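Commentary on secondary and tertiary structure
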Amino acid sequence: MILTRNLVLFTSVALIAALTLAPIGGDGVVEVSELGDVLEAFRESDKWFLLGFLLEAAANVLLFVPFGAALGLRDVSIGRTAGYGLALSAAVEGAQWLL
């Protein structure tokens, strides 16, 4: 059972790394959506921008669900799981910025 829990945790972290850190092409320009841009899109009803923003946010949340489930299998508390998720998310964002 311990091997299974370790394998699930490792696989979830590897999946996050593979899907977020692998280069997929592009011009190497970082695009940042500032909160002001999001609020302006809400005011102006820019549906395509909002849809893309919401889909990207939902995909990011869904990407971390297996990680949270893996920590749940290890009897990690919800608070610690949220903290570990936040730390992993920050690490991914930092690595993406550096790459």
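Residues numbered from 1 in each chain as written. Predicted model: local features only at pLDDT ≥ 70, side-chain atom pairs only at ≥ 80, totals over all residues. Heavy atoms only, no water.

1. Section: the overall build of the protein
Helices and strands together make up the secondary structure of the protein, namely 5 helices and 0 strands. Put simply, the protein runs from its N terminus to its C terminus through helices and strands in the order α-α-α-α-α. When each of the 99 residues of the protein is scored for burial, the buried share is 16%. Look at the contacts in the protein between residues 6 or more apart in sequence, and 65% of them connect residues 24 or more apart. As displayed, the protein offers around 7,700 Å² of accessible surface, 68% of which is attributable to carbon and sulfur atoms. (Helix = DSSP H or I, 4+ residues; strand = E, 2+ residues; numbered from the N terminus. Buried < 20%, exposed > 50% of the residue type's maximum accessible area, 1.4 Å probe, protein only. Contact = heavy atoms within 4.5 Å. Areas by Shrake-Rupley, 256 points an atom, 1.4 Å probe, with all protein chains shown as cover.)

2. Considerations on the confidence of the model for the protein
Here the protein shows a mean pLDDT of 84. Residues at 70 or above account for 88%. The secondary structure element of the protein with the lowest average pLDDT is helix H2 (residues 35–44), at 72, and the one with the highest is helix H4 (residues 65–73), at 94. (pLDDT = per-residue confidence, 0-100.)

3. Structural notes on the side chain of serine 12
Looking at the secondary structure, you find serine 12 in helix H1 (residues 2–21). Since its relative accessible area comes to 4%, serine 12 is described here as buried. A polar side-chain atom of serine 12 sits 2.8 Å from the main-chain carbonyl oxygen of leucine 9. Setting aside its immediate chain neighbours within four residues, serine 12 contacts Pro66, Phe67 and Ala70. (Polar contact = N/O pair within 3.5 Å; in protein donor to acceptor, adjacent residues only side chain to side chain.)

4. Thoughts on the packing of H1 against helix H5 (residues 78–98)
Closest axis-to-axis distance for the H1/H5 pair is 10 Å, and the angle between their directions is 30°. Taken as axis vectors, H1 and H5 run roughly parallel relative to one another. You can see that H1 and H5 cross each other, and the crossing is right-handed. Two secondary-structure elements touch here, H1 through Val13, Ile16, Thr20 and Leu21 and H5 through Leu88, Val92, Ala95 and Gln96. (Axes fitted to C-alpha atoms, helices over the stretch in contact; angles between N-to-C directions. Parallel < 35°, antiparallel > 145°, perpendicular 65-115°, else oblique. Left-handed = near helix turned anticlockwise from the far one by under 90°.)

5. Focus on a nonpolar patch on the surface
A surface patch of nonpolar side chains, amounting to about 320 Å² of accessible area, comprises Leu35, Leu39 and Phe42. Position of leucine 35 among the secondary structure elements: in helix H2. (Patch = residues over 30% accessible without salt bridge, like charges linked within 9 Å, V, L, I, M, F, W, Y side chains within 5 Å. Salt bridge = Lys/Arg side-chain N within 4 Å of Asp/Glu carboxyl O.)

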